[in-house]
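Tertiary structure, described
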Amino acid sequence: MHFNSLDFAVFLPIVFILYWFVANRNLKLQNFLIVIASYTFYGWWDWRFLSLIIFSTVVDYSIGVLLSKEEKVLKRKILLWTSIIVNLGFLGFFKYYNFFLDNFISAFSFFGMEINANSLNIILPVGISFYTFQTLSYTIDVYKRKLEPTKDIVAFSAFVSFFPQLVAGPIERATNLLPQFYKKRQFDYSKAVDGMRQILWGLFKKIVIADNCAQYANEIFNNSADYGGSSLILGALFFTFQIYGDFSGYSDIAIGTSRLFGFNLMQNFAFPYFSRDIAEFWRRWHISLSTWFRDYLYIPLGGSRGGTWMKVRNTFIIFIVSGFWHGANWTFIAWGALNAIYFLPVLLTKNNRKNLDTVADGNYLPSLKEFSSIALTFGLTVIAWVFFRAVNIGHAFDILSEIFSNSLFQIPKSGTTYISTLKLLSFFIIIEWLGRKNRFAIEVFPTQFKSWMRWGFYYSLLILIILNISKPEQFIYFQF
Amino acid sequence: MKTLFKKTFIFISIPLIYLSLITSFNYYQIKESKPTIPIVNYLILGDSHIQNSIDSNYFNNAVNYAKSGEPYFVSFWKLKHLISHPNVSLDTVLLGFSHHDISEKKDNSLSDAGASVQFKRNYSIHIFTKQDSVDTDYFKYFNVLLRNVAAYPKLNHHGFQGKYSRLKKKLTKREFYNEPFQNHNHFYDKNNEYGISRTNLNYLDSIVSLCNSQDIELKLVATPVSKKYYENIPNKFLVKYEELKSIYRMNGTPVYDFSQVIIQDSLFADFNHLNEVGSQLFMKRNFNRNN
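A few points on the structure.

Scoring rules and cut-offs
- Residues numbered from 1 in each chain as written.
- Chains lettered and ligands numbered in written order.
- Predicted model: local features only at pLDDT ≥ 70, side-chain atom pairs only at ≥ 80, totals over all residues.
- Heavy atoms only, no water.
- Contact = heavy atoms within 4.5 Å.
- Buried area = accessible area lost by both parts, 1.4 Å probe.
- Salt bridge = Lys/Arg side-chain N within 4 Å of Asp/Glu carboxyl O.
- Helix = DSSP H or I, 4+ residues; strand = E, 2+ residues; numbered from the N terminus.
- Buried < 20%, exposed > 50% of the residue type's maximum accessible area, 1.4 Å probe, protein only.
- Pairing = 2+ DSSP bridges.
- Axes fitted to C-alpha atoms, helices over the stretch in contact; angles between N-to-C directions.
- Phe/Tyr/Trp six-rings, centres within 6.5 Å; stacked < 30°, edge-to-face > 60°.
- Parallel < 35°, antiparallel > 145°, perpendicular 65-115°, else oblique.
- Nonpolar A, V, L, I, M, F, W, Y, C, P; charged D, E, K, R; others polar.
- Expected span 1.5 Å × (residues − 1).
- Left-handed = near helix turned anticlockwise from the far one by under 90°.

What to know about the interface of chain B and chain A
Taken together, the 17 residues of chain B in the interface contact 21 residues of chain A. Of the roughly 1,700 Å² buried at the junction of chain B and chain A (both faces included), carbon and sulfur atoms supply 77%. Sorting the residues of chain B by area buried against chain A places Met1, Leu4 and Phe11 of chain B first, and these three jointly supply 37% of that buried surface. There are 0 salt bridges connecting chain B and chain A. Counting only elements with at least two residues in the side of chain B that touches chain A, the list comes to helix H1 (2-32) and helix H5 (138-150) of chain B. Counting residues per element, the side of chain B that touches chain A draws most heavily on H1 of chain B, which supplies 9 residues.

Notes on the pattern of salt bridges
Residue and element names in this part refer to chain A. On inspection of all chains with the given rule, the structure shows 27 salt bridges over all chains. Across the pair Glu71 and Arg145 runs a salt bridge whose closest N-O atoms are separated by 3.4 Å. Here Arg145 lies in the loop between helix H5 (128-143) and helix H6 (153-161) and Glu71 lies in the loop between helix H3 (50-69) and helix H4 (73-110), a separation of 74 residues in the sequence. The burial state of Glu71 is the same as that of Arg145; both residues are exposed. With its nearest N and O atoms 3.2 Å apart, the salt bridge here joins Arg276 to Asp357. Pair noted here: Arg276 is in the loop between helix H9 (229-260) and helix H10 (278-284) and Asp357 is in the loop between helix H13 (330-348) and helix H14 (368-389), with a separation of 81 residues, a long-range link. Owing to a relative accessible area of 44%, Asp357 belongs among the partly exposed residues under this scheme. Through salt bridges with shared partners, a single network forms among Asp194, Arg197, Arg259, Arg439 and Glu443.

What to know about the sheet that holds strand E6 (residues 217-222) of chain B
Residues and elements named next belong to chain B. With respect to topology, 5 strands assemble into an open sheet ordered E2-E1-E3-E6-E7, the strand pairing being parallel. Looking at which strands have only one partner, the edges of the open sheet turn out to be strand E2 (62-64) and strand E7 (255-257). In this sheet, neighbouring strand axes are inclined to one another by 20° on average, regardless of whether the strands run parallel or antiparallel. Bridge count between E6 and E7: 3 bridges; the pairing is parallel. Note on E7: the bridge partner recorded for Ala222 is Asp257. Running at roughly 145° to E6, helix H8 (residues 199-213) makes contact with strand E3 (88-96) and E6 of the sheet. Along the sheet, helix H10 (residues 235-250) contacts E6 and E7; its crossing angle with E7, the most-contacted strand, is approximately 145°.

Description of the packing of aromatic side chains
Residues and elements named next belong to chain A. Scanning the model with the defined rule gives 89 aromatic pairs over all chains in all. Between Phe162 and Phe181, the aromatic rings sit 5.6 Å apart at their centres with planes inclined by 90°, giving edge-to-face as the arrangement. Linking Phe162 in the loop between H6 and helix H7 (174-177) with Phe181 in the loop between H7 and helix H8 (189-222), this pair joins segments that are 19 residues apart in sequence. The two residues Phe162 and Phe181 agree in class, both being buried. Between Trp455 and Tyr459 the ring centres are 6.3 Å apart and the planes differ by 80°, which places this aromatic pair in the edge-to-face class. Taken together, the residues span about one helical turn, with Trp455 and Tyr459 both in helix H17 (residues 451-467) at a distance of 4 residues. Judged by relative accessible area, which is 21%, Trp455 ranks as partly exposed.

Notes on the packing of helix H1 (residues 6-22) of chain A against helix H2 (residues 27-46) of chain A
All names here are of chain A. At a closest axis distance of 10 Å, the pairing of H1 and H2 adopts a crossing angle of 170°. Relative to H2, the element H1 is oriented roughly antiparallel. Contacts between H1 and H2 involve Asp7, Phe8, Phe11, Val15, Leu18, Tyr19, Trp20 and Val22 from the first element and Leu29, Gln30, Leu33, Ile34, Ala37, Thr40, Phe41 and Trp44 from the second. Classifying every residue of the contact of H1 with H2 gives 13 nonpolar, 2 polar and 1 charged.

Examining helix H16 (residues 419-434) of chain A
Residues and elements named next belong to chain A. In a regular helix each residue adds 1.5 Å, so 16 residues correspond to 22 Å; H16 covers 23 Å between its end C-alpha atoms and thus fits that length. Listing the buried residues of H16 in full gives Thr421, Leu424, Leu425, Phe428, Ile431, Glu432 and Trp433. Against H8, H9, H14 and H17 lie the buried residues of H16.

Here's the deal with the pairing of E6 of chain B
Residues and elements named next belong to chain B. Among the 6 residues that make up E6, 5 are buried, leaving the element largely enclosed by the rest of the structure. Of the pairings in the sheet, the one linking E3 to E6 comprises 5 bridges and is parallel in character. Residue Thr92 lies in a different strand from E6, and its bridge partner there is Glu217.

Things to note about the environment of Tyr248 of chain B
Residues and elements named next belong to chain B. With respect to the helices and strands, Tyr248 occurs in helix H10. Each C-alpha atom of the pair Tyr248 and Tyr138 lies 33 Å from the other, and the pair is 110 residues apart in sequence. With sequence-adjacent residues up to four places away left out, Tyr248 is seen in contact with Phe97, Leu201, Leu204, Asp205, Val208, Leu220, Thr253 and Val255.

What to know about H3 of chain A
Residue and element names in this part refer to chain A. Over its 20 residues, H3 extends 29 Å from the first C-alpha to the last, a length consistent with the 28 Å expected when each residue adds 1.5 Å. Residues of H3 that are buried include every one of Leu50, Leu52, Ile53, Ser56, Thr57, Val59, Asp60, Tyr61, Ile63, Gly64, Val65 and Leu67, and no others. Tucked inside the fold, the buried residues of H3 contact H2, H4, H5 and H6.

Brief notes about the side chain of Ser290 of chain A
Secondary-structure assignment places Ser290 of chain A in helix H11 (residues 287-298). According to the relative accessible area criterion, Ser290 of chain A is buried, its value standing at 18%.

Description of the packing of helix H3 (residues 72-83) of chain B against H8 of chain B
Residues and elements named next belong to chain B. Interaxial distance between H3 and H8 falls to 8 Å at its minimum, and their mutual angle equals 25°. Put simply, H3 runs roughly parallel to H8. Handedness of the crossing formed by H3 with H8: left-handed. Residue-level contacts link Tyr72, Phe73, Ser75, Phe76, Trp77, Leu79, Lys80 and Ile83 of H3 to Thr199, Asn200, Tyr203, Leu204, Ser206, Ile207, Leu210 and Cys211 of H8. Here the contact of H3 with H8 is built from residues that sort into 11 nonpolar, 4 polar and 1 charged.

In structure tokens, the structure reads:
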């Protein structure tokens, strides 16, 4: 079920009413309802893959219980590795099997050896990369004794399958989300209104910004040979906003929906395109995944401790793994590696924690220095997205070489057709800038308006959403 | 919780009431107002081939209501709608029937990139439903309705119905040799050949039946195309076209195929549309003599 579908528009109010009016007196019943709702939400796409979620839930729940009873280090390690192998095994099979197979075949044929092996027609279960990492965080935290293992299978199932964030995050930590299933939730009016406002903004980002940008980004990237540098840079810009609107829009809807049910999820995007350096960008982009890799991969590898070589190695590992997490294609690996190259100078000169505050805090506009830093970081990010979106590495280089050619200064092909989308993007950037201090752009500033103005603003967003409704475009991150 | 429900209800009700009032007003307008049509008994229908080639001034009481990209299902709905108009008492319908009209591409007219234009032109003459059996992008249709029927009160809902258009452009030698070949769009989806249309041709049969039932003489016409265009029509379409021509002729519907009338390239605006000089010459030299 998509958030931007009619099915979800019917599903959400039904679950909301059942949750607060039927199951409100009993915590277990509320959690059970969440499990049923979540399985329905997921099964709407393909019920067969529910078995994977249920299996993962049972395995990690059982390992958690066994870890609570086990004191021997070796046995605890075996239990931890069982969870890691099961979870990453599923992920590896469904997501990476064909990639590794194809690359092995290519590598062997390069040395003149022919291998007969057939690729499998494997469907990638939606959200597998997200819930796998979420359950892994539970087992690792229990193993490290940061978290008491749960004895409540219903609460644990609800934690693994919680429908707002099941298929595209934020990837919640067990330490944050699981305890919320133990506590009785009270309906909070201001929290619910806040949630609805965030859902509205998320839908605007997805339907108005991402889907509009998608039609041009797809046209330009899919027919890149027909376009010159100026059009290709526009295509890259459209994709830059498409992926942001798409993914952060999904996160906003997920967080807003969770708030309607009394849950607080972590912030997943914090206005990344206003970052002044690449380290700040990575503190603001897909925060739940970046911090996951930081805590469960980068720090165990030694983090920034040790010599320069260690820092370089760990940075490359984390960025390449992060790229690979997005998909089984060399383009994602190149995207990760390029970001590592961007990040290293900032890290090695110890400037990676320079910009921790909000840009131009207290001012309407950034200073010239801030503006140039933002523009430079944004420009680097746009180049990196070309690798992310391209079909293969060669395609990415073709696009970049055309961008950095004389054709960059030509008038873009069918330039006037982009104008309305560019206007929408300008409006979007202004609103994001105005709300950059908050968790989402329209969290605070509309509340300072008089009520008629506030409603007028919400109606304007709603009208733009309705007028831009088209065949629901799948969220990009579903494929990851 | 009560406050939330109350405020949500009010928030949703205000636009709903507004939309309902405006929609009711606009539907009343659509129902009550009739398009302004001259008194005609000779109707010319089809797509841009007919629109640019057949000058209605050559006939008595005729109007050219052909429009670019018009598939047969739209022509059918338009014909049905016009028949009910008091100024229209048809005895003849001249309908475009060229090789590209039998291409599957036309079946996608309500679901491809140009679908919104079709909906905008025709929402006042037809309600698009699943019963039409045409692949339809209902999101785009809903969007067009929202903008044109629900957003604000509008007095005139009759979109552009078609008109003889005089193209001034000449196909230059440079274009002739260098420009990407235009019939690619009619017969190929990227590099894959389209199939033969099913939906569009079904509607052509419906037009034939409708004309028969109303005692209207139907004439099918293929207008001239450039030599280069004709030579590049995939064989499958040439064969099927000849087959259909025979079938229609056998069943009493005359088919006038002028597609291969040799006209020099300078009389075309592009590879498959006559320019004004070409069209006038065609009307005088070829069309009138036969009809």
